[in-house]
Every structure is written in C-alpha cells, then in structure tokens.
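Residues per chain, in single letters:
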Amino acid sequence: MVLATNLGFPRIGDMRQLKKAVESYWKGKSSAEELLSTGKNLRAHNWKLQKDAGLDHIPSNDFAYYDQMLDMIATLGLVPKRYNWDGTNVDLDTYFAMARGAQKDGVDVTAMEMTKWYDTNYHYLVPEFEEGMSAKLSSAKIFDHYEEAKALGIDTRPVLIGPVTFVSSGKPRYDGFNFAATVENLLPVYEEILTKLAQAGASWVQIDEPALVMDVNDEQRAAYKNAYAKLAKVAGIKILLTTYFGELRDNMDLAFSLPVAGVHLDLSNRAPHQYKDAIAIIPENMVLSLGVVDGRNIWKNNIRNSLNIAEFVEGHIGKDRIMIAPSSSLLHSPVDLDSENALDDKVKSWMAYATQKVSEIAVIAKGAQQGRDAIANEVEASDAVQEDRRTSKRIHNDAVKERVANITPEMTSRKSPFAVRQKVQQSALNLPLYPTTSIGSFPQTKVIRKARADFKKGRIDEAEYTETMQAEIRLVVDFQHDAGIDVLVHGEPERNDMVEYFGEQLEGFAFSKFGWVQSYGTRCVKPPIIYGDVSRPNPMTVEWSKYAQSQTDKIMKGMLTGPITILQWSFVRDDQPRAATSKQIAFAIRDEVADLESAGIRMIQIDEAAFREGLPLRKSDWKQYLDDAVEDFRITSCCVDDATQIHTHMCYSEFNDVIEEVAAMDADVISIETSRSQMELLEAFVAFKYPNEIGPGVYDIHSPRVPTTQEMVDLLEKAKENLDERQIWVNPDCGLKTRGWAEVKPALNNMVEAAKIMRSKAKASAAA
Ligand code: GLN
Ligand code: ZN
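Residues numbered from 1 in each chain as written. Chains lettered and ligands numbered in written order. Predicted model: local features only at pLDDT ≥ 70, side-chain atom pairs only at ≥ 80, totals over all residues. Heavy atoms only, no water.

(A) The nonpolar core, seen in detail. Counting 128 residues, the largest nonpolar core has Phe-166, Tyr-228, Phe-256, Leu-288, Leu-290 and Ile-324 as its most contacted members. Counting residues per element, this core draws most heavily on helix H7 (residues 179-200), which supplies 10 residues. Apart from the residues within four sequence positions on either side, Phe-166 is in contact with Met-69, Met-72, Ile-73, Leu-76, Leu-78, Pro-127, Phe-129, Ile-161, Leu-186 and Tyr-190. The next biggest cluster of nonpolar side chains, apart from the first, holds 92 residues, and it includes Val-499, Phe-502, Phe-685 and Val-730. (Core = buried A, V, L, I, M, F, W, Y, C linked by side-chain atoms within 4.5 Å. Buried < 20%, exposed > 50% of the residue type's maximum accessible area, 1.4 Å probe, protein only. Helix = DSSP H or I, 4+ residues; strand = E, 2+ residues; numbered from the N terminus. Contact = heavy atoms within 4.5 Å.)

(B) Structural view of the packing of aromatic side chains. In the structure shown here, the tally under the stated rule is 22 aromatic pairs. Consider the rings of Tyr-465 and Trp-544, whose centres lie 6.3 Å apart with planes at 85 degrees: the pair is edge-to-face. With Tyr-465 in helix H18 (residues 462-483) and Trp-544 in helix H20 (residues 542-550), this residue pair connects regions lying 79 residues apart in the sequence. This pair shows no difference in class: Tyr-465 is buried, exactly as Trp-544 is. A centroid spacing of 5.3 Å and a plane angle of 85 degrees characterise the contact between Tyr-501 and Phe-502, whose relative ring orientation is edge-to-face. Taking relative accessible area as the criterion, Tyr-501 reaches 8% and is therefore assigned buried. Site record: aromatic cluster; members linked through ring pairs are Tyr-25, Trp-26, Tyr-66, Tyr-95 and Phe-96. A cation sits over an aromatic face here: Arg-296 above Phe-245, 4.8 Å from the ring centre. (Phe/Tyr/Trp six-rings, centres within 6.5 Å; stacked < 30°, edge-to-face > 60°. Lys NZ or Arg CZ within 6 Å of the ring centre and 35° of its normal.)

(C) Seen up close, the packing of helix H2 (residues 32-53) against helix H13 (residues 354-370). The geometry of H2 relative to H13 is characterised by a closest axis approach of 9 Å and an angle of 35 degrees between their N-to-C directions. As H2 runs across H13, the sense of the crossing is right-handed. Contacts between H2 and H13 involve Leu-49, Gln-50 and Ala-53 from the former and Thr-355, Val-358, Ser-359 and Ala-362 from the latter. Taken together, the residues that form the contact of H2 with H13 break down as four nonpolar, three polar and no charged. (Axes fitted to C-alpha atoms, helices over the stretch in contact; angles between N-to-C directions. Left-handed = near helix turned anticlockwise from the far one by under 90°. Nonpolar A, V, L, I, M, F, W, Y, C, P; charged D, E, K, R; others polar.)

(D) Representation of the pairing of strand E14 (residues 322-326) within the structure. The element E14 is extensively covered by neighbouring structure, given that five of its five residues are classed as buried. As paired elements, strand E1 (residues 3-4) and E14 share two bridges and run parallel to each other. Paired with Ala-4 across the two strands is Ile-324, which belongs to E14. Where strand E13 (residues 287-293) lies against E14, five bridges are found, and the strand directions are parallel. Paired with Val-293 across the strands is Pro-326, a residue of E14. (Pairing = 2+ DSSP bridges.)

(E) Molecular detail of the environment of Asn-61. Turning to its location among the elements, Asn-61 is positioned in the loop between strand E2 (59-60) and helix H3 (68-75). Along the primary structure Asn-61 and Ala-181 are separated by 120 residues, whereas in three dimensions their C-alpha atoms are 27 Å apart. The residues contacting Asn-61, other than those within four sequence positions of it, are Lys-141, Ile-142, His-145, Val-159 and Leu-160. There is a polar contact of 3.0 Å between the side chain of Asn-61 and the side chain of Lys-141. (Polar contact = N/O pair within 3.5 Å; in protein donor to acceptor, adjacent residues only side chain to side chain.)

(F) Representation of the side chain of Asp-700. Looking at where Asp-700 falls in the secondary structure, it is placed in the loop between strand E24 (693-696) and helix H26 (709-722). The buried category is assigned to Asp-700, whose relative accessible area is 15%. At a separation of 2.9 Å, a polar atom in the side chain of Asp-700 contacts the main-chain amide nitrogen of His-702. What Asp-700 contacts, discounting residues up to four positions off in sequence, is Ser-675, Arg-676 and Asp-733.

(G) The pattern of salt bridges, seen in detail. What the rule picks out here adds up to 50 salt bridges. The residue Lys-583 makes a salt bridge to Asp-628 at a minimum N-O spacing of 3.6 Å. Remark: Asp-628 occurs in helix H23 (residues 622-637) and Lys-583 occurs in helix H22 (residues 578-598); sequence separation between them is 45 residues. By the burial criterion, Lys-583 is buried, and Asp-628 matches it. The closest approach of N and O atoms between Lys-761 and Glu-717, which form a salt bridge, is 2.6 Å. (Salt bridge = Lys/Arg side-chain N within 4 Å of Asp/Glu carboxyl O.)

(H) Quick look at the site of ligand 1. All residues in the neighbourhood of ligand 1 are listed as Ile-439, Gly-440, Ser-441, Glu-492, Met-498, Met-559, Asp-607, Ala-609, His-649, Cys-651, Cys-734 and Gly-735. The separation between a nitrogen atom of ligand 1 and a polar side-chain atom of Glu-492 is 2.9 Å. Here an oxygen atom of ligand 1 sits 3.1 Å away from a polar atom, N or O, in the side chain of His-649. Burial of ligand 1 by the protein chains amounts to 90% of its free accessible area of 300 Å². When its residues are assigned to classes, the shell around ligand 1 shows six nonpolar, four polar and two charged. (Near = heavy atom within 4 Å. Areas by Shrake-Rupley, 256 points an atom, 1.4 Å probe, with all protein chains shown as cover.)

What follows is the structure in structure tokens.
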C-alpha cells in the first residue's frame with residue numbers, strides 16, 4: 001500500500017499555546033505540571049488531527065519544549081559540565097538552563113550556543129563535546145511519547161536526529177577531538193533506544209540525517225557506513241533514513257548503500273528531480289519516501305505533479321514501497337490556515353499551512369493507491385489553483401517582468417570607481433576622520449509601540465500618528481546633536497520590523513495574522529508572504545527622511561532594507577526562481593533610493609543583514625547565489641550620483657569566505673559586527689585589502705553593558721593597525737531598537753569621545 005506519512009508537525013499550537021505556557025513557567029506564573037499538561041494536550045491534538053486526516057505514519061518525539069536538538073542532547077546525556085547535572089534523567093530546569101542559561105540561587109551558568117538549522121530560520125542548540133564526555137540514555141521522553149500516543153489509539157513513528165548529523169552539528173570543546181570516535185560513542189545509546197522502541201511495539205523509526213544534503217567528507221562517509229551497519233542490526237524495527245533541505249547529489253550512492261529499510265527524499269522545488277536517480281539505484285525491497293509536499297513554504301501542492309511522480313515511481317518499484325510525505329518536517333510551516341481571518345481571500349485560496357498539507361499528503365497517497373479517479377475532484381481543484389496563479393493579474397505584472405528582463409550594465413555600476421567617488425564625497429560631505437554614526441534604529445519605547453498599534457487598530461488617525469512619530473524623530477535628532485554624532489539617523493520609530501515595514505508597502509506581498517513559525521525556543525516569527533511580482537507603487541521612507549533632514553544641518557542618513565534580506569526573511573514564490581524574485585525587489589528598492597536622492601538625502605544605507613545566511617548549503621552553489629546577490633545590491637544602489645554615499649550594514653557576519661563579493665557590492669561604506677570578536681572579523685577585510693570604507697562596530701548592542709571610552713579606543717586602535725585611518729568609521733554593531741535609552745545615551749556619548757581621542761591622536765602624529 002502507498003502510505004501517507006509525515007516527518008514532523010509544528011508544536012507551537014495554532015495560537016502559540018506552547019510559547020505562552022513555557023514563558024509563563026519561566027516567569028514562575030505556572031507550575032511544571034501545568035506546562036507538561038499543555039504539552040500533552042498539544043501532542044494529543046496534533047496526533048489526532050493527523051490521524052483524522054488519514055495519515056498512516058504519524059511522527060512522535062517531534063515535540064520539544066524548546067528544541068529537538070536540545071532534546072537529543074538530553075536523551076544522549078551530553079550535558080556540559082557547567083550545568084552540574086547529577087547524571088540521572090535530565091529534568092526540566094537543567095533542560096531550560098542549557099537552553100537559556102540560569103541565574104538564581106547562587107547558580108550562574110551561560111546558555112549553550114545557538115545557531116541556524118541548515119538554511120532555515122530555525123535555530124537549534126549546538127551540542128558541545130567535552131573531553132571524556134560519555135553518552136548514556138538520560139531521558140525517557142521518546143518512549144513516554146510513544147506510549148502516550150498509543151494510549152490514544154495511535155501507533156506513531158518516533159523521530160530521532162541521526163548520529164552523524166548530530167555530531168556534525170556540534171562543536172568540540174577540547175583539542176584532539178575525534179569525529180569517528182565521538183559518533184561511535186553515541187551508537188550504544190542509539191541501539192538501546194531502537195531496542196526499547198521495538199520492544200514497545202514501534203514498527204518504524206525515523207532517523208533524520210539532513211547532513212547528507214551537504215558536502216560530506218570521508219570521515220562522515222565512513223561514520224555513516226559504520227553507524228547504520230550497527231543500527232540496522234537492531235531487530236524488530238525498520239529505519240527510515242530521512243534526508244531533507246536539498247538534493248543528495250554525490251551522496252545519493254551513499255544514502256542508498258546504507259542497510260536501512262527506507263530512504264526519504266526532498267522533492268520540493270529545491271530538489272524536484274532526484275527521484276529519477278534514486279529509482280535507478282534503490283536496492284530491492286527498500287522503501288522510498290517521496291517528499292512531494294513542501295514542508296517549508298505556504299503554497300498549495302500541485303497534486304497532479306505529485307501524483308505523476310508517485311505513479312512514475314510506482315511503475316518502477318510498486319505500491320508497497322512508496323510513502324508520500326512532506327519534503328521536510330512541517331515544523332517550518334505555520335500551523336493552520338483556517339485560523340487566518342485577515343488574509344486576502346484570493347491569496348489565501350492559493351495557500352496551505354501544516355494542517356492543510358497533512359490532508360494533501362493523504363489525498364496524494366489515496367490517488368497513488370486507488371488511481372486518479374479516486375481523487376478526481378481534488379486534482380481538478382488543484383489544477384484550478386495552479387491555473388489561477390499562472391494567469392492572475394494579482395501575481396503577474398508585465399512592467400515588472402520587462403524591467404527585470406532588460407538589465408543594462410549602466411544599471412549595475414556607479415558612474416565612477418570608488419577612488420573617484422571618495423574624493424567627490426569627501427568634499428561634498430566634509431566629514432572628520434573617524435566619522436561617527438549609528439546603524440539606524442533607536443530604542444523602541446512603549447510610546448512608540450503604542451502609537452503604532454493604535455494607528456493600526458484605527459484608535460488614532462494618521463495625523464496624530466505622524467505627529468507622534470515626528471516627535472520621536474526630533475528626540476532622536478536632538479540627542480544625536482547633543483552627543484556630537486557626525487552622521488545622523490532618524491531612529492526608525494515607524495518600523496516594527498525591517499522587512500515587514502517594506503513588505504507592507506510593496507505590491508506582491510501579503511501578511512498573515514497567524515502564520516507563526518518557530519524561530520528558536522519560544523520565539524516565533526511571522527514571515528511576509530511574497531506571492532506576486534514586486535513593485536513599489538509609492539515612496540516608502542521619503543517623507544520620514546525628509547522630515548528628519550529638515551530638523552538638522554548635519555547629514556541625515558536614509559535607511560532601507562536590501563533585496564536579499566527581504567527575500568531571505570519571507571515566504572517566497574515557488575512559481576519562479578528565488579533569484580527572479582530578489583531581482584524584482586532590487587528594482588523596487590532602487591526606485592526608493594532614487595527618490596531619496598531626489599529629496600535631498602545625501603547618504604543612504606541599504607541593510608543586508610541576511611547576505612551571508614542566504615548562502616546555499618553546497619559550496620558549488622555559492623557562486624551563482626553570490627553573483628545574483630551582488631547584482632541585486634548593485635541594481636539597488638547604483639542609480640545615484642558620485643556624491644551620494646551608499647552605506648550597507650551586515651550583522652553577525654563572518655566574512656572570510658565572501659569578502660570578494662562583499663567588495664564587489666561596491667558600497668562606499670560598510671558597517672559590520674566586530675566588538676564581541678575583538679575586531680577578529682576585520683581580518684578578512686585586511687587580508688583582502690578591502691578598498692572602500694568600513695565601520696567596524698565598537699559597541700556590542702546585544703548586551704545591556706555600557707562600553708567605556710577606553711574599550712572603544714582600544715578597539716579602534718586595533719582597527720587602525722590594520723586599516724588606513726581614512727577608511728575607518730565609528731559606530732555600534734547593529735541597530736539600537738532592543739536597547740533602552742538609559743544605556744544608549746552613555747554608550748553613544750562614550751563612542752563619540754572615543755572618536756575624538758582617535759582624531760587628536762591622528763593630529764598629534766601628523767604634527768610629529
Ligand atoms: N537599520 C536596522 C536597525 O538599525 C538594521 C538592523 C539589522 O541589521 N538587523 O535596526
Ligand atoms: Zn545588524
């Protein structure tokens with residue numbers, strides 16, 4: 001039989017119940033029992049929903065109170081020493097201490113590091129491998145949840161993160177770390193888990209190995225072979241090895257050579273064709289799980305396409321060896337589209353969230369099992385959606401398409417090279433050495449948030465809203481004046497979010513009310529939905545910037561978000577390549593750049609916070625992405641005169657492997673994060689001899705600490721050792737919106753002081 005299956009369901013709840021329960025527990029407002037019971041209810045609800053939808057394989061152990069990697073760390077008993085764990089089962093407090101640090105009753109421990117899960121916006125806790133650490137089964141969660149579902153009459157398929165992916169996603173904390181030995185160390189615990197699951201009655205276990213879609217080295221390859229040879233020996237349970245987030249490519253042979261009962265393939269538009277190679281090499285009797293429903297996006301499935309794939313595969317291996325599945329866990333999809341009451345009906349009719357995707361899987365499986373006629377209505381409805389999207393005037397804008405098709409070299413290069421522009425800008429802008437500025441936002445106070453919410457809800461009119469925001473701008477401008485900052489910003493009070501703010505004013509974007517996706521722990525994000533060709537009907541920031549400039553004789557920097565970042569932090573179209581969408585956004589932002597310049601704004605910053613995080617998983621795909629990203633930035637910024645200075649900002653970035661492309665963007669000034677790493681990040685800029693100007697952040701805005709003048713002078717001295725003095729700008733690491741005025745004022749005053757000290761040192765050495 002063709003089976004309808006799922007790899008994971010979002011656990012936050014349709015109304016973010018889990019977030020609320022966990023945060024209330026943290027605040028001491030509810031007990032552990034209350035939290036555990038919320039968890040239990042959510043799991044029961046999700047299992048039942050999947051059962052009612054007609055799924056044959058429903059996952060368990062996909063639930064986590066914070067993060068599934070952290071659960072795996074707990075299950076394997078790999079708790080770092082600093083948590084003083086007693087070695088029994090990991091309890092809730094130890095669990096949350098690892099997740100977020102703990103500071104009470106004389107305990108003061110830092111959290112484990114968090115990083116992005118592949119190229120998603122989900123962040124996991126990074127396993128730490130300490131010297132002499134040994135693995136030991138230290139959580140009963142996977143068994144408990146299996147039994148919990150069974151008690152509800154649902155026989156689930158438990159999910160585990162595989163040993164090779166687990167170790168590959170972690171960090172050694174000592175010299176002499178050995179990859180193979182570390183994996184080997186974990187295998188007895190995995191074997192114990194599988195044995196116990198088999199005893200409990202589980203017939204399948206899902207083991208996630210997304211590391212197989214990345215570049216795999218010889219050590220990992222050997223570890224896969226060794227690990228699965230051992231795990232496959234556990235009797236009475238079948239292993240489904242799941243790969244997702246891309247194509248297996250050169251790892252396809254490896255994946256299908258492992259002695260597992262089934263392999264899952266991502267067949268979303270990141271990897272639509274790989275089933276053809278897979279059926280050519282799949283061993284006799286092995287099951288193939290077809291990930292035809294996109295687990296990471298919000299569009300309805302093309303049922304006809306999915307059925308075509310299923311039937312093709314069926315022709316080769318038969319019905320009994322096929323599972324229909326989402327491409328990846330549905331963790332990365334919002335929960336239930338039916339909750340949405342604010343979305344435009346048309347756009348909504350094209351969409352599916354996790355709950356809807358589960359039904360699509362059941363439909364496709366039914367069609368594959370019983371034949372097309374059995375799902376004729378569903379195919380017809382799906383065809384109608386595809387046709388509607390293909391022809392909709394809401395999506396397709398010929399003028400936009402034409403513009404993107406006709407990019408000329410003039411559009412992507414400034415009028416003169418940087419050396420020429422630098423001179424023109426120096427005389428036009430007349431800035432001192434070590435010019436001071438900030439990254440854009442200033443503290444988002446209660447007043448600001450309230451005014452924005454009131455305006456959105458219609459409680460205040462536009463005039464009152466504008467007046468409130470202008471008052472905030474005056475406050476920020478006055479402060480910067482008093483502090484003696486050279487290049488001013490308006491503070492971004494009108495922006496809730498640096499992507500949403502622009503999306504709301506662009507054509508082709510929609511916003512959901514309940515499209516929440518877990519980003520990390522209890523933090524959820526609601527990405528904008530790019531559904532159609534993107535254009536900018538009206539200026540978006542010009543009035544605010546003009547107003548801010550009217551309040552000062554100093555230079556007011558315009559502030560925009562760049563195309564790559566807007567793309568990266570949104571749900572994107574699946575009916576055209578990502579690069580086509582970002583190109584359209586680039587033109588929309590270009591129009592804004594041009595309008596700002598015409599309005600007298602002489603300096604414009606285009607933030608590309610997500611430039612690096614958009615890098616593809618495979619090195620061989622990097623060049624194409626980077627070429628596109630550079631072109632996008634140049635389209636956005638190259639319409640201005642030489643005298644107009646273009647800034648960009650990138651946060652959290654490591655630059656070593658992308659420095660040439662960063663330089664190719666040809667921004668006049670780039671600001672980056674450096675203060676935490678003691679200017680180490682600058683190394684890339686130095687080694688490459690970065691030609692333009694740089695503002696290495698000297699104030700760590702991720703901490704409430706106020707840096708002293710001396711600390712910032714020390715950092716600037718380090719920068720000066722490596723760069724030409726005329727290249728250096730002085731600014732914080734990132735925007736100040738999450739900070740309070742009480743810290744920001746003294747910190748920026750100290751920063752200006754530090755710049756002055758650097759200037760007088762320069763003067764003294766020039767005189768000497
Ligand atoms: N201009 C934005 C701000 O200051 C930049 C934020 C970011 O880089 N994440 O808030
Ligand atoms: Zn930043």
